[in-house]
Amino acid sequence: MDVGTDLEPSAKTQRITLPIYDLVCGGGLIVERVLTRPPGVVRVYVNPVIEMAYIEYDPKRTNPDQLVAVVERAGFKAGPPSVR
């Protein structure tokens, strides 16, 4: 599922991939929902099969460390983000 927000993608957004470990049944949907909440997140897609989140965001409004923290507060373990 690709979840977007009211922000439109632009040249000013950045994209990262974020490993998410031990996603259980329904975990991908939970992670997608919590990752759409921080200000500046434009688009989120979580692939639970390969345990990876793809995130597009406005770096003026959020950053990868904040996105990792959001995932971990939801009860999941996140690996280090990679720039796409």
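**As for the pattern of salt bridges**
Stage number 1. Taken as a whole and judged by the stated rule, the model has two salt bridges.
Stage number 2. One salt bridge connects Glu56 with Arg15, and the closest N-O pair in it is separated by 3.6 Å. With Glu56 in strand E4 (residues 52–57) and Arg15 in strand E2 (residues 14–21), this pair connects stretches of sequence that are 41 residues apart.
Stage number 3. Glu56 sits in the buried class, given a relative accessible area of 5%.
Stage number 4. One salt bridge in this structure joins Glu56 and Arg43, with 3.8 Å as the shortest N-O distance. Remark: Arg43 occurs in strand E3 (residues 41–47) and Glu56 occurs in strand E4; sequence separation between them is 13 residues.
Stage number 5. One continuous salt-bridge network, built from bridges that share partners, spans Arg15, Arg43 and Glu56.

**What about the nonpolar core?**
Stage number 1. Among the nonpolar cores identified, the biggest contains 19 residues, and Leu18, Ile20, Val31, Leu35, Ile55 and Val71 are the most heavily contacted of them.
Stage number 2. Residue assignment for this core shows that the elements contributing at least two residues are E2, helix H1 (27–35), E3, E4 and helix H2 (64–73).
Stage number 3. When residues in this core are grouped by element, the largest group, four residues, is from H2.
Stage number 4. Val71 has contacts with Leu18, Ile20, Val31, Leu35, Phe76 and Ala78, leaving out every residue within four places of it along the chain.

Rules of the game
Residues numbered from 1 in each chain as written. Predicted model: local features only at pLDDT ≥ 70, side-chain atom pairs only at ≥ 80, totals over all residues. Heavy atoms only, no water. Salt bridge = Lys/Arg side-chain N within 4 Å of Asp/Glu carboxyl O. Helix = DSSP H or I, 4+ residues; strand = E, 2+ residues; numbered from the N terminus. Buried < 20%, exposed > 50% of the residue type's maximum accessible area, 1.4 Å probe, protein only. Core = buried A, V, L, I, M, F, W, Y, C linked by side-chain atoms within 4.5 Å. Contact = heavy atoms within 4.5 Å.

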